[in-house]
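Each chain is listed here by its residues.
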Amino acid sequence: MPDILIIGGGFAGLALAYYLSKDGASVTLLEGGSLGGGASAAPAGRAQIIDSETEEYLDLVIRGVARLETLGEELGVDLEWTLPGHLTLISNDEEWRHFESLVRRLQRHAVPAEMLDIQSLRAAEPYLQAEGFLGAAYSHEGHLNPFKFTAGYAQAARRAGAEIIHHARVIGFEQCDGLITAVLTEKERFSGRVVLMAAGPWMGELAEMAGTSFPMKSTHAEAIVSEKLPRLLHHHIGMTGFYKVVHGAERSVTLGIAQHPNGTLFVSNAVQKMETLDLTSTYWGMPALCRAVRTYFPRLAGARIMRTWAAPSPFTPDYLPAIGWMPGFDNLYVAAGFHLAIPTIPLLAEEAAKSILEFEERPMLAPYNPGRFYPAELPEG
Ligand SMILES: Cc1cc2nc3c(=O)[nH]c(=O)nc-3n(C[C@H](O)[C@H](O)[C@H](O)COP(=O)(O)OP(=O)(O)OC[C@H]3O[C@@H](n4cnc5c(N)ncnc54)[C@H](O)[C@@H]3O)c2cc1C
């Protein structure tokens, strides 16, 4: 029986497989489809800073971005790490005031950030059709290749001794007195001293299979990538409103666009309400993204689209990750809900590995304890 049986081979599961194996645990990871084929197949690759929810989380994200500078070397892969910075386009006074306060907060943390008026925005991104915007909030931000992030962790985990099994969908659990005694797939039955659920948007389904619940939320987000083009953009450029759908809209296009070092343009996000978890593109997503690109970057009107895709983007009710022991179980650990996945997962997964193996609470993980979603099960006081 391995020490740790991980369910889910996205960023979170693979990073945990690496840090746990590196620290001497025997690890088996079960992935229902192909590695990194869930939400981790979708990201732009941003290591966002400005969207951090709390001061504590901002500290973590800043340290996480610094950590990404050397992560590729540690994993033995070129993550294509760059620091393009992010421009959040601002169209009204309310947004301006909000982002001004976020910029001031970043400055207090010594993170490069500033408000750009319309002239400075035009100078920063000459191909942007900036009419209608008041300006933008510039914030320091990094970028990497998300496929290499997945592959880097998978290869490093294997080198450290982890066994990784794909196409092994978990369909149920056996349990006795708060212990998960077996994890069932269609073909096989697995066990682990600790069972670690890192199933991203599918956490709710898995928790239900184990006879509990998990308040996982997600939005269905679509993206497109273009052919290689000469250098046209210098920053990640985004609009506000990714969570409009969460707050009642049926669908929204909140343009996020960047040009990767190889010249391709990555364009997200067409977001829509969806009852089921789905990896398929909708009929309206790609045309809507193309229209948005033509509106804001008329110069790109003739660019060819090479690929389009969609995935549920996971988050918890308070937008903070859930990482820790699952209330009501003695050997079930959860690692999910990373909406700022790229900057936070390396630090959180490394710390979680230590916490699991040393049977010790780690202060860094305390704000993200999944127990906050189960107040009735917490001990009094
Ligand atoms: C369009 C888009 C753009 C994004 N851009 C960014 C970005 O720029 N930066 C950023 O940090 N984040 C971004 N995100 C969010 C990021 O992709 C996710 O937060 C992250 O990938 C979540 O990783 P995870 O390992 O928790 O989940 P996942 O990658 O979904 O991994 C969970 C895995 O569990 C597997 N699984 C599920 N059920 C079972 C089962 N029963 N048995 C076995 N395996 C199972 C799934 O197949 C999946 O591979 C974006 C998301 C989207 C959709």
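Per chain, residues are indexed from 1 in the order of the written sequence. Under the rules for a predicted model, residues below a pLDDT of 70 receive no local features and side-chain atom pairs below 80 are neither given nor counted, while totals for whole chains, interfaces and linings still include all residues.

**Student:** Even after reading the chapter, I still don't get the overall build of the protein, so can you show me in this structure?
**Tutor:** Check the secondary structure of the protein and you find eight helices and 19 strands. In this treatment the radius of gyration is a C-alpha quantity, and the globule benchmark scales as 2.2 Å times the residue count to the 0.38 power. Against the compact-globule benchmark of 21 Å for 381 residues, the protein has a radius of gyration of 21 Å, which places it among compact chains. Its C-alpha atoms give the protein principal-axis dimensions of about 65 × 45 × 40 Å. Counting all 381 residues of the protein, 46% fall into the buried class. Considering only contacts in the protein between residues 6 or more positions apart, those separated by 24 or more positions represent 73%. Numbered from the N terminus, helices here are DSSP runs of H or I no shorter than four residues, and strands are runs of E no shorter than two. With C-beta atoms placed from the backbone, a residue is buried if 20 or more other C-beta atoms are within 10 Å of its own, exposed if 12 or fewer are, and partly exposed between those counts. Residues are scored as being in contact if the C-beta atoms we place from backbone atoms lie within 7 Å.

**Student:** Got a minute to help me understand helix α7 (residues 285-296) in this structure?
**Tutor:** Residues spaced three or four apart along an α-helix point in a common direction, a consequence of the helix completing one turn every 3.6 residues. Under the 1.5 Å per step criterion, the end-to-end length of α7 is 17 Å for twelve residues, consistent within 8% with the ideal 16 Å. Among the residues of α7, those classed as buried are Gly285, Met286, Leu289, Val293 and Tyr296. Seen along its axis, α7 keeps its buried residues to an arc of 105 degrees; they face one direction. Seen from the open side of α7, the exposed residues pointing more than 90 degrees away from its buried face are Pro287 and Arg291. Here the buried face of α7 lies against β13 (217-228), β15 (251-259), β16 (264-272) and β17 (305-315). The span one expects for a helix is its residue count, reduced by one, times 1.5 Å. What the arc measures is the spread of directions leading from the helix axis to the C-beta atoms.

**Student:** What's the story with the site of the ligand in this structure? I'm lost.
**Tutor:** Near the ligand there are 41 residues, and of these Gly8, Gly10, Gly32, Gly38 and Gly200 occur at the shortest range. Elements with a minimum of two residues in the shell around the ligand: α1 (11-22), β13, β16, β17 and α8 (341-358). Three residue categories are used. Nonpolar comprises Ala, Val, Leu, Ile, Met, Phe, Trp, Tyr, Cys and Pro, charged comprises Asp, Glu, Lys and Arg, and polar comprises the others, including Gly. Broken down by class, the residue content of the shell around the ligand amounts to 23 nonpolar, 15 polar and three charged. Structurally, the shell around the ligand is a two-domain feature, drawing no fewer than three residues from each of domain 1 (4-45 + 147-216 + 318-377) and domain 2 (84-141 + 217-315). To decide whether a residue is near a molecule or strand, its C-beta atom is placed from the backbone and checked for lying within 6 Å of it. All the domain ranges listed were derived from an automatic or database domain assignment.

**Student:** Even after reading the chapter, I still don't get the domain arrangement of the protein, so can you show me in this structure?
**Tutor:** Interfaces are often described in size by the accessible area the parts lose on coming together. Taken domain by domain, the protein holds domain 1 (4-45 + 147-216 + 318-377) and domain 2 (84-141 + 217-315). Taking the mean C-alpha position of each, domain 1 and domain 2 sit 30 Å from one another. Counting residues at the interface gives 14 residues for domain 1, matched by 15 residues for domain 2. In terms of residue class, the side of domain 1 that touches domain 2 is made up of ten nonpolar, four polar and no charged.

**Student:** Whenever I open this one, the environment of Pro317 confuses me. Can you help?
**Tutor:** If you trace the backbone, Pro317 turns up in the loop between β17 and β18 (322-325). Note: C-alpha distance between Pro317 and Leu340 (23 residues apart in sequence) is 14 Å.

**Student:** Would you mind showing me how to read the sheet that holds strand β11 (residues 189-190) here?
**Tutor:** As a general point, the strands of a sheet are linked pairwise by backbone hydrogen bonds and lie either parallel or antiparallel. Spatially, the three strands line up as an open sheet ordered β9-β10-β11, and their pairing is antiparallel. In the strand order of this sheet, the two ends are held by β9 (170-176) and β11, each with one partner. Note on pairing: DSSP must find at least two bridges between two strands before they are called paired. Bridge count between β9 and strand β10 (residues 179-185): six bridges; the pairing is antiparallel. Residue pairing for β10: Gly172 is matched across the bridge by Leu184.

**Student:** I keep staring at helix α2 (residues 55-75) and nothing clicks. Help me out?
**Tutor:** Here α2 is 21 residues long and its end C-alpha atoms lie 29 Å apart, about the 30 Å a rise of 1.5 Å per residue gives. The bend reported for a residue corresponds to the angle between axes fitted to the seven residues ending at that residue and the seven starting there. Bending of α2 peaks at approximately 45 degrees at the position of Glu69. Where α2 is concerned, the buried positions are Leu58, Leu60, Val61, Gly64, Val65, Leu68, Leu71 and Leu75. In this structure, the buried side of α2 is in contact with β3 (46-47), β7 (142-143), α5 (146-159) and α8. The first or second residue beyond α2 is Gly76, which carries a positive phi of 75 degrees.

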